[in-house]
Amino acid sequence: MALTSTTTEASDRTALPADLSEAVRDDGALRRFLHGLPGVDQVGLEQRSAGLATRSIKKDSKLWAIDTAISMVDLTTLEGADTPGKIRSLAAKAKQPDSDYPDVPRVAALCVYPDLVEIAVDLVRGTGIGVASVATAFPSGRSSREVKLADTRLAVEAGATEIDMVIDRGAFLSGRYGQVFEEIQAIKQACGSAHLKVILETGELATYDNVRRASWLALLAGGDFIKTSTGKVSPAATLPVTQLMLQAVRDWHGRTGEYRGVKPAGGIRTTKDGIRHLVAVNEIAGPEWLTPELFRFGASSLLTDLLMQRRAQRNGHYSGPDYVTVD
Amino acid sequence: MPNFEYAPAPESRELAKLQPSYQMFVDGRFVDGGGAPIKTMNPATEEVLAEVATASSDDVDHAVRAARRAYERVWGRMPGAERGKYLFRIARLIQERSRELAVLESLDNGKPIKESRDTDIPTAAAHFFHHAGWADKLDYAGYGPDPRPVGVAAQVIPWNFPLLMLAWKIAPALACGNTVVLKPAETTPLTALVFADICRQAELPPGVVNILPGAGDIGATLTAHPDIDKVAFTGSTEVGKEITRTLAGTGKKLTLELGGKAANIVFDDAPLDQAVEGIVNGIFFNQGHVCCAGSRLLVQESVAEELLAKLHTRVAALRVGDPLDKNTDVGAINSREQLNKIVELSNSGDAEGAQRWTSPCPLPDRGLFFAPTVFSDVQQSMRIAKEEIFGPVLSVLTFRTPDEAIAKANNTPYGLSAGVWTEKGSRILWAAQRLRAGVVWANTFNRFDPTAPFGGYRESGFGREGGRAGLEAYLDV
């Protein structure tokens with residue numbers, strides 16, 4: 001089975017280097033490539049994450065990190081109970097996160113379900129804030145290819161500039177890598193000019209080796225970002241998993257010259273945790289990745305804590321959660 | 001490109017409670033020494049920290065006699081359970097005063113505070129705890145019923161882990177019922193003297209522990225003293241050979257922990273990113289001032305290029321600077337003499353045709369620093385592959401087959417430690433059986449625990465420290 005036939009024209013990227021295009025020649029080659037990636041040693045990986053978490057970030061460096069983190073937030077609401085009103089208040093907060101401090105940067109994007117994209121697009125028009133939407137039978141990914149493609153088109157046609165897709169974890173865990181690969185390619189094609197973030201749902205992949213394989217699979221298939229989680233499964237984003245993904249995009253850049261992004265999502269609620277992730281970006285992938293183009297936080301409550309900590313840095317005292325808006 | 005400047009986070013110097021001058025510790029008292037006082041300096045600034053009294057040969061004699069009295073009258077006959085209480089007390093006091101000790105160690109030695117705080121001091125306390133547990137269980141250590149202490153131990157330790165090496169020496173000696181006279185290194189005597197204060201605080205009987213600062217001549221006088229029963233030395237191979245010659249035929253017990261030129265072998269199926277972490281930890285931990293440092297990297301040819309690229313990226317991210325800053329990964333070189341040696345040996349690498357790569361990290365304007373350096377295209381015959389550099393300099397060699405890796409790894413007069421990186425369990429066991437080294441780490445490096453014996457082969461010395469095996473050196477068995 002030829003894996004790349006459907007989308008070679010659709011991609012505006014430069015052709016893959018010979019070894020990587022060979023890797024996606026057929027199912028067997030893909031499996032051999034993914035299983036030939038260097039293993040991940042759990043102890044060593046987690047030890048390095050613990051080390052990254054000890055960097056001292058305070059005063060000016062903390063303010064810089066807080067503003068950088070705010071500019072990277074995909075302000076997200078993914079509830080069954082979402083209403084147009086909820087999206088309106090979220091959009092208002094995205095545009096002006098803290099009304100007492102107009103110098104607070106805007107967030108990177110709003111992230112909503114496909115049926116709410118149109119409302120979100122209207123609300124952020126002209127602000128430079130993106131609208132991301134979770135398509136492809138989010139969060140489980142358990143539906144037919146047609147439904148996933150239709151879901152994606154619905155969001156794109158409503159004006160989403162970014163699509164967050166979930167991979168079929170069942171297929172991945174069964175070793176049907178070709179199927180996952182083709183699905184990502186097909187969704188990428190359906191995205192048109194919208195950016196594609198591929199959610200691996202690392203909490204369901206069980207091993208770090210699987211996380212590394214899924215990261216490479218998503219990069220080979222054309223994902224613009226690799227994203228940890230839907231936020232619906234625990235554990236969601238952890239520092240070791242983010243570290244692994246940052247290694248993958250760094251190594252991808254080394255082999256192709258292309259820059260791809262990473263988005264940890266779910267479970268990052270505090271400024272301290274957010275800053276630890278930025279330290280990982282800085283030291284694992286490199287400072288080039290310290291931009292919303294290449295690194296995002298999928299979060300809702302993180303922004304609130306960032307704003308509280310920002311005020312504490314500015315005012316010299318901590319005022320408490322009632323001084324920033326809940327959404 | 002955005003610039004993420006971390007905030008400087010210097011630990012307060014005040015915590016070290018630095019005194020302008022320090023005295024020796026003999027027979028339970030701090031006393032002036034007969035030798036000319038030495039000045040100990042902060043290698044990060046080259047400023048003098050304090051003046052330290054040194055011993056004369058008379059002082060050595062006094063100390064040995066005090067240790068003998070304490071051994072015969074009190075310590076040697078004390079029930080193990082009682083000795084254990086003192087050791088537990090010392091261990092707890094090390095924990096209580098851990099910040100003071102950590103800051104003082106970093107000031108005097110130049111090592112990063114995160115290493116003295118997270119490795120040196122906790123491991124030193126752990127050695128006392130571990131051996132405190134042995135003190136009343138020696139009958140069950142496997143050396144027969146009622147093993148006896150040896151007597152008075154002369155101990156000479158190096159400057160790379162001043163307090164930790166002290167703990168490795170003193171804890172088993174005391175647990176087994178011996179008394180000690182210890183000479184800390186000339187450039188790093190301070191934490192040993194604070195340890196003396198801890199002994200006093202623990203109300204250890206006078207003479208059980210004696211600390212005599214001084215240079216190599218005092219070490220030589222001490223190890224050659226006729227009234228000692230056992231010598232334990234950690235330091236250079238050259239001095240180890242001298243001590244061996246002095247002690248030959250005297251019947252005194254001797255253990256030596258000497259130099260090393262450890263191989264860190266990376267097979268092509270290794271977890272490469274974690275191998276890079278292990279390589280960095282193996283050679284840049286404590287500025288490479290580690291006798292078991294993984295200073296020779298042996299990489300399988302098929303992954304050499306990829307691994308080297310990852311290694312350069314990683315090493316470039318290491319932060320070199322003020323040892324008291326919590327963000328510092330690599331601190332200062334302990335002495336001008338050592339820095340000169342590192343410079344001289346790395347220049348020989350250039351001269352012999354190896355490819356030098358130096359981290360582009362900024363270095364402080366003053367103080368003794370050496371940027372992390374990686375030599376590739378190193379051949380087995382070059383000096384940088386054969387001689388211990390004892391600094392942040394890594395030599396990278398390659399191999400084609402596992403047999404070649406083992407042959408190259410063992411092709412050294414040393415044999416202290418080795419590392420193996422592979423995802424294949426059977427290959428780890430295969431390699432570990434063939435490597436002639438006292439410690440073989442698998443998928444990790446530079447991990448220390450008081451329960452694990454440590455020691456070398458050939459020019460890396462003999463005898464073991466730590467664990468059950470380490471007790472043997474301090475028991476008459």
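- With an unreviewed UniProt entry as reference, chain B is termed NAD-dependent aldehyde dehydrogenase, source organism Actinoalloteichus hymeniacidonis.
- Quoted straight from UniProt, the Sequence similarities (unreviewed entry) entry for chain B says "Belongs to the aldehyde dehydrogenase family."

- In the nomenclature of an unreviewed UniProt entry, chain A is known as Deoxyribose-phosphate aldolase of Actinoalloteichus hymeniacidonis.
- Word for word, the UniProt comment on chain A under Catalytic activity (unreviewed entry) is "2-deoxy-D-ribose 5-phosphate = D-glyceraldehyde 3-phosphate + acetaldehyde".
- The UniProt entry for chain A carries this comment under Pathway (unreviewed entry): "Carbohydrate degradation; 2-deoxy-D-ribose 1-phosphate degradation; D-glyceraldehyde 3-phosphate and acetaldehyde from 2-deoxy-alpha-D-ribose 1-phosphate: step 2/2."

1. Regarding the packing of aromatic side chains
Residue and element names in this part refer to chain B.
Consideration 1: Under the counting rule described, the total for this entry stands at 20 aromatic pairs over all chains.
Consideration 2: A network of ring pairs unites the aromatic residues Trp168, Trp441, Phe445, Phe448 and Phe454 as a single cluster.
Consideration 3: In this structure, Lys230 packs its charged tip against the face of Tyr474, placed 4.8 Å from the ring centre.

2. Examining the pairing of strand 4 (residues 35–42) of chain B
Residues and elements named next belong to chain B.
Consideration 1: Of the pairings in the sheet, the one linking strand 4 to strand 5 (residues 47–54) comprises 6 bridges and is antiparallel in character. Among the inter-strand pairings, Ile38 is bridged to a residue of strand 5, identified as Val52.
Consideration 2: Where strand 4 folds back on strand 5, the antiparallel hairpin that results is connected by 4 residues, among which Glu46 adopts a positive phi of roughly 60°.

3. What about the interface of chain A and chain B?
Consideration 1: Taken together, the contact pairs 28 residues of chain A with 26 residues of chain B.
Consideration 2: Summed over both sides, the interface of chain A with chain B buries roughly 2,300 Å², with 51% coming from carbon and sulfur.
Consideration 3: Where chain A packs against chain B, one counts 5 salt bridges.
Consideration 4: At the boundary of chain A with chain B, the tally comes to 12 residue pairs in polar contact (both at pLDDT 80 or more).
Consideration 5: Its residues assigned to classes, the side of chain A that touches chain B shows 10 nonpolar, 8 polar and 10 charged.

4. Quick notes on the side chain of B:Thr234
Residues and elements named next belong to chain B.
Consideration 1: You can see Thr234 is positioned in strand 10 (residues 230–234).
Consideration 2: At a separation of 2.6 Å, a polar atom in the side chain of Thr234 contacts the side chain of Lys169.
Consideration 3: The residues touching Thr234, leaving out its near neighbours within four places in the chain, are Val156, Ile157, Pro158, Met165, Lys169, Glu257 and Glu465.

5. What to know about the packing of helix 4 (residues 113–134) of chain B against helix 5 (residues 162–175) of chain B
The description of two helices packed together rests on the angle between their axes and the distance between the axes.
All names here are of chain B.
Consideration 1: At their nearest, the axes of helix 4 and helix 5 sit 9 Å apart, and the two run at 5° to each other. With respect to their mutual orientation, helix 4 and helix 5 come out roughly parallel. For the pair formed by helix 4 and helix 5, the contact residues are Asp120, Ile121, Thr123, Ala124, His127, Phe128 and His131 on the first element and Leu163, Leu164, Ala167, Trp168, Ile170, Ala171, Pro172 and Ala175 on the second.
Consideration 2: Along the lines of polarity and charge, the residues of the contact of helix 4 with helix 5 split into 11 nonpolar, 3 polar and 1 charged.

6. Notes on the nonpolar core
Consideration 1: Of all hydrophobic cores here, the largest spans 110 residues; its most connected members are B:Phe128, B:Ile170, B:Phe195, B:Val209, B:Ile211, B:Val266 and B:Leu311.
Consideration 2: Among the elements that make up this core, the one with the highest residue count is helix 5 of chain B (11 residues).
Consideration 3: When residues no more than four places from it in sequence are discounted, the contact partners of B:Leu311 are B:Val276, B:Ile279, B:Val280, B:Leu297, B:Val374 and B:Leu394.
Consideration 4: Within the second largest apolar cluster, 99 residues are counted, among which are A:Val24, A:Ala91, A:Ala94 and A:Leu110.

7. Regarding the UniProt feature "active site" (unreviewed entry) in chain B
Residue and element names in this part refer to chain B.
Consideration 1: Residues annotated by UniProt as "active site" (unreviewed entry) correspond here to Glu257.
Consideration 2: The residue Glu257 is located in strand 11 (residues 253–257) in this model.
Consideration 3: Given a relative accessible area of 3%, Glu257 falls into the buried group.
Consideration 4: For Glu257, the contacting residues outside a window of four places in its chain are Phe233, Thr234, Gly235, Leu416, Phe454, Gly455, Gly456, Ser460, Gly463, Arg464 and Glu465.

8. Looking at the side chain of B:Thr223
Residues and elements named next belong to chain B.
Consideration 1: Examined against the element boundaries, Thr223 turns out to sit in helix 7 (residues 216–224).
Consideration 2: Of the polar contacts made by the side chain of Thr223, one reaches the backbone oxygen of Ala220; its length is 3.2 Å.
Consideration 3: Apart from the residues within four sequence positions on either side, Thr223 is in contact with Ala154, Val156, Ile228, Val231, Ile243 and Leu247.

9. A word on the pattern of salt bridges
Residue and element names in this part refer to chain A.
Consideration 1: Taken as a whole and judged by the stated rule, the model has 58 salt bridges over all chains.
Consideration 2: For the salt bridge of Asp74 with Lys263, the shortest nitrogen-to-oxygen distance reads 2.8 Å. On the criterion of sequence distance, the pair formed by Asp74 in strand 1 (residues 73–76) and Lys263 in strand 7 (residues 261–263) is long-range, its members being 189 residues apart. As far as burial versus exposure is concerned, Asp74 and Lys263 are alike and both buried.
Consideration 3: One salt bridge connects Asp164 with Lys197, and the closest N-O pair in it is separated by 3.1 Å. A residue pair is termed long-range when its members are at least 10 positions apart, and Asp164 in strand 4 (residues 162–166) and Lys197 in strand 5 (residues 195–199) qualify at 33 residues.
Consideration 4: Residue classification places Asp164 among the buried positions, given a relative accessible area of 0%.

Calculation criteria
- Residues numbered from 1 in each chain as written.
- Chains lettered and ligands numbered in written order.
- Predicted model: local features only at pLDDT ≥ 70, side-chain atom pairs only at ≥ 80, totals over all residues.
- Heavy atoms only, no water.
- UniProt positions renumbered as here; feature names shortened; annotations may be inferred.
- Phe/Tyr/Trp six-rings, centres within 6.5 Å; stacked < 30°, edge-to-face > 60°.
- Lys NZ or Arg CZ within 6 Å of the ring centre and 35° of its normal.
- Pairing = 2+ DSSP bridges.
- Helix = DSSP H or I, 4+ residues; strand = E, 2+ residues; numbered from the N terminus.
- Contact = heavy atoms within 4.5 Å.
- Buried area = accessible area lost by both parts, 1.4 Å probe.
- Salt bridge = Lys/Arg side-chain N within 4 Å of Asp/Glu carboxyl O.
- Polar contact = N/O pair within 3.5 Å; in protein donor to acceptor, adjacent residues only side chain to side chain.
- Nonpolar A, V, L, I, M, F, W, Y, C, P; charged D, E, K, R; others polar.
- Axes fitted to C-alpha atoms, helices over the stretch in contact; angles between N-to-C directions.
- Parallel < 35°, antiparallel > 145°, perpendicular 65-115°, else oblique.
- Core = buried A, V, L, I, M, F, W, Y, C linked by side-chain atoms within 4.5 Å.
- Buried < 20%, exposed > 50% of the residue type's maximum accessible area, 1.4 Å probe, protein only.

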